[in-house]
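Structure assessment
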Amino acid sequence: MIIRLTTYIFLLVSLLACSSPIPYCRVVGYVDEGGNDSLLIVRTVSEEHKTLFFNLSDKTIVDRENLIEGNIVEVEYLAPTTAVKYDASVVSASPTYRRALGLWQSPKGKGLKISIELLPYGRIKQSVPDDILLFKHWQLTPMESEIELIGEVAMPIMAPLSTDETAPTKEEIIDREIKSFRTRVSLSCEEEQEVMLFHNDTLGGTKLLKKI
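Anyway, here's the lowdown on the structure attached to this text. All residue numbers refer to positions counted from 1 along the written sequence of the respective chain. Residue-level local features of this predicted model are given only where pLDDT is at least 70; pairs of side-chain atoms are given and counted only at 80 or more, and the full residue set underlies all totals for whole chains, interfaces and linings. As a rule here, side-chain values come from all non-hydrogen atoms in the structure, and water together with hydrogens is ignored.

Here's the deal with the sheet that holds strand S1 (residues 24-31)
Strands are treated as partners if at least two bridges between them are detected by DSSP. A helix here means a DSSP run of H or I that spans at least four residues, while a strand means a run of E at least two residues long, and both kinds are numbered starting from the N terminus. The sheet built from five strands closes into a barrel, its strands ordered S1-S2-S3-S5-S4 with mixed pairing. Shown here is a sheet whose adjacent strand axes are inclined to one another by a mean of 50 degrees, direction ignored. Sheet topology places strand S2 (residues 39-44) next to strand S3 (residues 51-55); five bridges connect them, and they run antiparallel. Pairing of Arg 43 across the sheet is with Thr 51, part of S3. An axis is simply a line fitted to the C-alpha atoms; with a helix, the fit covers only the stretch in contact. Between two such axes, the angle follows the N-to-C directions and lies from 0 to 180 degrees.

Here we look at unusual backbone geometry
The omega angle of the peptide bond from Val 128 to Pro 129 is -5 degrees, so this bond is cis rather than trans. Tracing the backbone shows Pro 129 in the loop between strand S8 (124-128) and strand S9 (133-140). The phi torsion at Glu 191 lies on the positive side, around 55 degrees, for a residue other than glycine. Note on placement: Glu 191 falls in the loop between strand S11 (171-190) and strand S12 (193-200).

Focus on the pattern of salt bridges
Proximity of charged atoms lets side chains of opposite charge pair with each other. A carboxyl oxygen of Asp or Glu within 4 Å of a side-chain nitrogen of Lys or Arg is what we treat as a salt bridge. Following the criterion strictly, the structure yields seven salt bridges and no others. Lys 136 serves as the salt-bridge partner of Glu 152, at 3.7 Å between the closest nitrogen and oxygen. Residue Glu 152 is found in strand S10 (residues 146-160), and its partner Lys 136 is found in strand S9; the two are separated by 16 residues along the sequence. Each residue gets one of three labels from its accessible area relative to the maximum for its type: buried under 20%, exposed over 50%, partly exposed in between, using a 1.4 Å probe on protein chains only. Judged by its relative accessible area of 45%, Lys 136 is partly exposed. A salt bridge links Glu 148 to Arg 182; the nearest nitrogen and oxygen atoms lie 3.1 Å apart. Here Glu 148 is found in strand S10, whereas its partner Arg 182 is found in strand S11, with 34 residues between them in sequence. According to the relative accessible area criterion, Arg 182 is exposed, its value standing at 51%.

Quick look at the packing of aromatic side chains
In this scheme Phe, Tyr and Trp rings, the latter by its six-membered ring, pair at centre separations within 6.5 Å, and the angle between planes marks the pair as stacked below 30 degrees, edge-to-face above 60, and tilted otherwise. One pass over the full model with this rule turns up five aromatic pairs. What links up through ring pairs into an aromatic cluster is the set Phe 54, Tyr 77 and Tyr 86.

Examining the side chain of Arg 99
Here Arg 99 lies in helix H2 (residues 95-100). Counted as a polar contact is a pair of N or O atoms within 3.5 Å, where, for protein atoms, one must be capable of donating a hydrogen and the other of accepting one, and residues adjacent in sequence contribute only when both atoms are in side chains. Within the local environment of Arg 99, its side chain forms a polar contact with the backbone oxygen of Leu 187, the two atoms lying 3.4 Å apart. Any two residues whose heavy atoms approach within 4.5 Å are treated as being in contact. Every residue in contact with Arg 99, bar those within four places of it in the chain, is listed here: Trp 104, Ser 145, Leu 187, Ser 188, Cys 189, Glu 194 and Lys 211.

Next comes the structure, spelled out in structure tokens:
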């Protein structure tokens, strides 16, 4: 009887050890193209740059509005040893990314006119200005409702038109000095319209852009 009981306990312990729960894993990456409401494709930020596929179900905790191509995302999922697709448990993506995408323009009035379109993967399509200011790319920051704009500004170098000291002083642009800039931008909503506000001395002070 003692031998049978010992054998039973050994088999029970072995069975429980073999049926231990599958561990949860986390991965951080970018939403890749080709997904849909039930499939999320993520390109990881690790050195291997792996592409992972995740099943999205009714049990998945996720805000699908933020699953936009290029947005940064963190996925918690079950990690079986062999799987082509993983079952996502919790998916977290930045809501700021969705708000930032689109066409932004400065309001009518005095001052430098700016018209830029923020595109996925930090790309920027710029309409105006086309000479003194170039927005090169944009990126998220650790703060919610905040992004960073990176670019270059061409500061004019002036010189007198005439060497005659008695003549009125007039200057012309003889060259431009290129200066890089990085500026933090806050996103907010005013009267049901998204606005972008930032201050940068290189760009001439405070700028306000509205989403079109």
